[in-house]
Amino acid sequence: MKIVFLGPPGAGKGTQAMVISRELGIPHISTGDIFRQNIKNETPLGVAAKKFIDEGRLVPDDLTLDLVNDRLAAADCKNGYLLDGFPRTLPQAEALDEKVALDYAVNVDVAHDHLIDRLSGRRVCPECGASYHITTLDGAQECAVCGNLLIQRDDDKPETIRKRLEVYEAQTRALIDFYRDKGILVDIDGARSVQEVRADILAALGSDA
Ligand code: AP5
Ligand code: ZN
């Protein structure tokens, strides 16, 4: 199955993608995670992407498309994949559309005031990518999956969060209509519990895993 997850920053794409990709037995490909890994390793791609990410802007399409094309050519993508955070512009969506026939575009939507709360309270594991919220951590500072110390993402500062939401409205929201016109859009209300959202997505994908 070939799926993309759409939705504003903080809608829960990463939280859901991590579990659902495992349940469906397909790789979870997050362009944000790949950029952050490159930044950590100080690769040329990471150096180029860092200034855009730190400002809450999108990394240019050419860099992003090269990265995704390389990743989709890997052997583990033969039987499908879950793309999280890509595409994010119309040119990215059109470039993907020329190469692959997607099964579903899952649009997880949440109102902006909730998103600001979610992102400003988010803590992430730099090792395995698991995402938490301070309200459910109960003071814990380590990842429940792998035990690493949790961190706050550099782009989860209030002014950068506001910029990311603006960029989403200006450049990414239009993809909802792009995929609706193709007849593959699934709308999911992301403002409910993690378990409810997960169950809705799996039902929409025709899976009761
Ligand atoms: P990326 O890493 O993709 O960030 P994003 O889209 O801003 O998405 P987030 O990771 O912030 O949110 P999410 O929806 O995954 O939410 P999460 O599950 O963590 O991209 C970062 C940057 O990289 C971009 O700004 C851009 O610069 C660059 N980039 C990436 N892809 C690009 C592309 N294609 N083109 C160009 N540039 C690109 O959840 C958020 C919080 O809410 C967590 O605390 C979580 O625990 C909590 N939560 C989740 N679900 C629920 C729920 N149901 N109820 C309550 N709390 C919940
Ligand atoms: Zn971890």
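Predicted model only: the values in this text are computed from it and were never measured. Every residue gets a number counted from 1 within its own chain, in the order that chain's sequence is written. For this description, chains carry letters from A and ligands carry numbers from 1, given in the order in which they are written. At least 70 in pLDDT is required for a residue's local features to be given in this predicted model, at least 80 for side-chain atom pairs to be given and counted, and no such filter applies to totals for whole chains, interfaces and linings, which use all residues. No hydrogens and no water enter the side-chain calculation; it runs on all heavy atoms of the structure.

Caption draft 1: Fine view of the coordination of the zinc ion (ligand 2). Looking at the zinc ion (ligand 2), the protein donor atoms are Cys125 (SG), Cys128 (SG), Cys143 (SG) and Cys146 (SG), and they sit 2.3 Å from it. Listed donor atoms are N, O and S within 2.8 Å of the metal (Na, K and Ca: 3.2 Å). As water is not included, a site may look incomplete. Every geometry call rests on angle ranges, with four donors termed tetrahedral when all angles are between 85 and 135 degrees, four termed square planar and six termed octahedral when opposite donors are over 155 degrees apart and all others are between 65 and 115, and everything else termed irregular. For the zinc ion (ligand 2), the four donor atoms in the first shell make angles of 96 to 119° at the metal, so the coordination geometry reads as tetrahedral. Counting the intervening residues between successive donors of the zinc ion (ligand 2) yields the motif C-x2-C-x14-C-x2-C. Relative accessible area serves as the criterion here: at 5%, cysteine 143 is assigned to the buried category. The buried label applies to any residue whose accessible area, calculated with a 1.4 Å probe on protein chains only, is under 20% of its type's maximum; exposed applies above 50%, and partly exposed to all values in between.

Caption draft 2: Inspection of the UniProt feature "binding site: ATP" (unreviewed entry) in the chain at higher detail. Per the UniProt record, the feature "binding site: ATP" (unreviewed entry) sits at Gly10, Ala11, Gly12, Lys13, Gly14, Thr15, Arg122, Ser131, Tyr132 and Arg192. Each helix corresponds to a stretch of at least 4 residues labelled H or I by DSSP, and each strand to a stretch of at least 2 residues labelled E; elements are numbered beginning at the N terminus. In this structure, glycine 14 sits in helix H1 (residues 13–24). Glycine 14 gets classed as partly exposed once you look at its relative accessible area, which sits at 30%. Once residues within four sequence positions are removed from consideration, glycine 14 is found in contact with His28 and Asp84. As for its position among the elements, arginine 122 is in strand E5 (residues 122–124). Here arginine 122 falls in the buried class, since its relative accessible area comes to 13%. Residue contacts are counted whenever heavy atoms from the two residues lie within 4.5 Å of one another. Excluding its chain neighbours within four sequence positions, the residues that come into contact with arginine 122 are Ser131, Tyr132, His133, Gln152, Arg153, Asp156 and Arg164. UniProt positions are given in the numbering used here, feature names are shortened, and annotations may be inferred rather than shown by experiment.

Caption draft 3: Expanded view of the pattern of salt bridges. We define a salt bridge as a side-chain nitrogen of Lys or Arg found within 4 Å of a carboxyl oxygen belonging to Asp or Glu. Taken as a whole and assessed by the stated rule, the structure comprises 17 salt bridges. Through salt bridges with shared partners, a single ionic network connects Arg122, Arg153, Asp155, Asp156 and Arg164.

Caption draft 4: Structural view of the UniProt feature "domain: Adenylate kinase active site lid" (unreviewed entry) in the chain. Here the UniProt-annotated "domain: Adenylate kinase active site lid" (unreviewed entry) positions come out as residues 122–155. For residues 122–155, the helix share is 12%, the strand share is 18%, and the end-to-end C-alpha distance is 11 Å.

Caption draft 5: Inspection of the site of ligand 1 at higher detail. In this text, near means that some heavy atom of the residue lies within 4 Å of the molecule or strand in question. Every one of the 34 residues lining ligand 1 counts as a neighbour, but Thr15, Arg57, Arg88, Arg122 and Arg164 are closest to it. Here arginine 36 contributes a side-chain N or O atom positioned 2.9 Å from an oxygen atom of ligand 1. Residues adjacent in sequence count toward polar contacts only when both atoms are side-chain atoms; beyond that, a polar contact is any pair of N or O atoms within 3.5 Å, and within protein one must be able to donate a hydrogen and the other to accept it. Taking valine 194, its main chain carries an N or O atom lying 3.4 Å from a nitrogen atom of ligand 1. In this description, accessible areas are obtained by the Shrake-Rupley approach with a 1.4 Å probe, and a residue is regarded as covered only by the protein chains that are shown. Protein contacts shield 92% of the accessible area of ligand 1, which totals 1,100 Å² for the unbound molecule. Going through the elements one at a time, H1, helix H2 (31–40), helix H6 (112–120) and strand E6 (131–133) are the ones with two or more residues in the shell around ligand 1. Top contributing element to the shell around ligand 1 by residue count: H2, with four residues. Lys, Arg, Asp and Glu make up the charged group, whereas Ala, Val, Leu, Ile, Met, Phe, Trp, Tyr, Cys and Pro make up the nonpolar group; the residues left over, Gly among them, are polar. Of the residues in the shell around ligand 1, the class split is eleven nonpolar, 13 polar and ten charged.

Caption draft 6: Just the packing of H2 against helix H3 (residues 44–54), in detail. At their nearest, the axes of H2 and H3 sit 8 Å apart, and the two run at 115° to each other. Crossing geometry of H2 relative to H3 is assigned as left-handed. Facing Phe35, Asn38 and Ile39 of H2, the residues of H3 in contact are Leu45, Gly46, Ala49, Lys50 and Ile53. For the contact of H2 with H3, the per-class residue count stands at five nonpolar, two polar and one charged. Angles shown run from 0 to 180 degrees and are taken between the N-to-C directions of axes, each axis being a line fitted to C-alpha atoms and, for helices, limited to the stretch in contact. Whether a crossing is left-handed or right-handed is set by the direction in which the near helix is turned from the far one by less than a right angle, anticlockwise for left-handed and clockwise for right-handed.

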